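An overview of the molecular structure
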Amino acid sequence: MILEAEKYLIDNGINPSYQRIKIMEYLLKNRTHPTIDTIYLDLKQIMPKLSKTTIYNTLQQFIEKGITQIINIENNETRYDVDTSTHGHFKCENCGIIYDFDFDVEKLAATGIDDFEIHQTHVYLKGICSNCKNKLN
């Protein structure tokens, strides 16, 4: 996985330092929409000198290069997604897991913005996931 992450960084014009490789490897392996704190706690075990600032700066670079995106479903929680394709996110209000889902952008009905130029599309849904719903019933 390290070679895959290193090649991915090089292909996207990013100098593959050890920290950047490990952070990208983490994102590629853990498609859980992690927070900086989650990444920090998990990677700190193998990189004791890693700082949250390094993670933040690395993620900012990934965002600028278009290989990671920010997910802001809650106002107080920033998460990161290595999948930059257009897709939606569903957050379970019970377990907190964020699920990806596909949707057809062409079928979105938006009125009042006919002459606008759209650069990004984000669809966020919140509710109870099927796992939690089954446990609650």
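Right, let's walk through the structure included here. (Residues numbered from 1 in each chain as written. Predicted model: local features only at pLDDT ≥ 70, side-chain atom pairs only at ≥ 80, totals over all residues. Heavy atoms only, no water.)

1. Observations concerning the packing of helix α2 (residues 18-29) against helix α4 (residues 52-64)
Working note: a packed helix pair is described by the angle between its axes plus the distance between those axes. Here α2 crosses α4 at 70°, and the two axes come no closer than 10 Å. In terms of orientation, α2 lies roughly perpendicular with respect to α4. When α2 is examined against α4, the residues Q19, R20, I23, M24 and L27 are found in contact with a partner set consisting of T54, I55, T58, L59, Q61 and F62. The class makeup of the residues in the contact of α2 with α4 is 6 nonpolar, 4 polar and 1 charged. (Axes fitted to C-alpha atoms, helices over the stretch in contact; angles between N-to-C directions. Helix = DSSP H or I, 4+ residues; strand = E, 2+ residues; numbered from the N terminus. Parallel < 35°, antiparallel > 145°, perpendicular 65-115°, else oblique. Contact = heavy atoms within 4.5 Å. Nonpolar A, V, L, I, M, F, W, Y, C, P; charged D, E, K, R; others polar.)

2. Quick notes on the layout of surface pockets
Think of a ball as big as a water molecule: rolled over the atoms, this probe shows where empty space is left. In this structure, the largest pocket encloses a volume near 280 Å³. Taken together, 14 residues make up the lining of the largest pocket; nearest its centre are Q69, T84, Q120, T121 and H122. A class-by-class count of the residues in the lining of the largest pocket yields 2 nonpolar, 12 polar and no charged. In this structure, the second largest pocket occupies an estimated 160 Å³ of space. Lining the second largest pocket are V105, L108, A110, I113, I118, Q120 and T121. Split by residue class, the lining of the second largest pocket holds 5 nonpolar, 2 polar and no charged. (1 Å grid on protein atoms, 1.4 Å probe; cavity = no way out; pocket = protein on both sides within 12 Å on 5 of 7 lines; lining within 4 Å. Points joined across faces, edges and corners; volume = space filled by probe spheres on them.)

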